[in-house]
Amino acid sequence: MRTIVDITLKTPQTAVDALSEATGLSRMRIKDAMAKGACRWTNKGKQVRLRKAKREVKAGTRLQLFYDDIVLARKAEPAELLTDFGQYSVWFKPHGLLAQGSQWGDHCSLLREAEVRLAKPCFLVHRLDADAAGLMLIAHDSKAAAALSDLFAGRALRKLYHARVNGHLEANAMCINAPVEDKEAISHVTTLTHDPDSNTTVVEVTIETGRKHQIRRHLAGLNHPITGDRLYGTAAAVPLQLVAAELEFTCPLSRKKRQLNLPASLNSVLPRA
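Because the structure is predicted, anything quoted here is derived from the model rather than measured. (Residues numbered from 1 in each chain as written. Predicted model: local features only at pLDDT ≥ 70, side-chain atom pairs only at ≥ 80, totals over all residues. Heavy atoms only, no water.)

## Examining the overall build of the protein chain
Thought 1: The helix and strand tally for the protein chain stands at six helices and 16 strands.
Thought 2: Along the first, second and third principal axes, the C-alpha set of the protein chain runs to 70 × 45 × 40 Å.
Thought 3: The burial tally for the protein chain puts 46% of its 273 residues in the buried class.
Thought 4: Taking all contacts inside the protein chain whose residues are at least 6 apart in sequence as the whole, residues at least 24 apart take part in 60%.
Thought 5: Total accessible area on the protein chain stands at roughly 13,800 Å², and carbon and sulfur atoms take up 49% of it. (Helix = DSSP H or I, 4+ residues; strand = E, 2+ residues; numbered from the N terminus. Buried < 20%, exposed > 50% of the residue type's maximum accessible area, 1.4 Å probe, protein only. Contact = heavy atoms within 4.5 Å. Areas by Shrake-Rupley, 256 points an atom, 1.4 Å probe, with all protein chains shown as cover.)

Put into structure tokens, the structure is as follows:
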């Protein structure tokens, strides 16, 4: 069942009762949907998520419910907190976990998981495909969010990825300069290992730009799509074999050099020793 409910209360009422009456769904289902971020209300002039089912809502308040039982039933592997620098933290986002939620819910998102586990404000400063895994930064105040966002937007950091691609790809700092959606997109690819048994190659990729699906598109353009890439290659029994493995930058807040490396135990692309 997928439905959108948009109501303005005529009389004061609890949110769960109002939405249950409007949809015919049980209060238990409404509570679950609200807890997972599928409900919004107008609060202080802004549309924000409303999670507290028993919240008394005044007459004239607008409530919206974006109900999709398939989305609400989804589960994802938990993220792993790697380092907390105070104003921002470093996380491992597993395959399948969203960077942030949508109007249909945010329970399967890194941003929401960080909010719950750290119990402090969380701001997304960059993205990583839901199908990919790896390092992500989450800011915890507006100053850090702005400074880190500028870092990514200004290409002032080194981003390194590992990918397993189909076929035997030989590359040594190969530069791919191929536009993505009519915007400049530059990637550099170097071969690490080749596995003749599976006929796959593990490559290291650094990117100068951060276009949507840039690495996936560039590698598929070489006729070596990433293993498990259902969009630009062929779906497989394994998740998309793309991992954000390293981030290197000068912290815009402390001016300290940061070199963040994903632990080998969390890197599903590199061959196990």
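## Some remarks on unusual backbone geometry
Thought 1: The phi angle at Glu181 is positive, at roughly 55 degrees, despite the residue not being glycine.
Thought 2: Residue placement: Glu181 occurs in the loop between β12 (174-177) and β13 (186-195).
Thought 3: Residue Glu181 is classed as exposed on the basis of its relative accessible area of 53%.
Thought 4: Positive phi values are uncommon outside glycine, yet Asn223 reaches one of about 70 degrees.
Thought 5: For Asn223, the position within the fold is in the loop between α6 (214-221) and β15 (242-250).
Thought 6: For Asn223, a relative accessible area of 66% puts it in the exposed group.

## Structural notes on the nonpolar core
Thought 1: Judged by nonpolar contacts, the single largest core of 29 residues is most densely connected at Tyr161, Val189, Val203, Ile215, Leu219, Ile226 and Leu242.
Thought 2: At four residues, helix α4 (residues 110-118) tops the list of elements feeding residues into this core.
Thought 3: If we skip the residues at most four places from it in the chain, Ile215 touches Tyr161, Val205, Ile207, Ile226 and Leu242.
Thought 4: Counting residues in each nonpolar core, the second largest holds 23 residues, with Ala133, Ala144, Leu266 and Val269 among its members. (Core = buried A, V, L, I, M, F, W, Y, C linked by side-chain atoms within 4.5 Å.)

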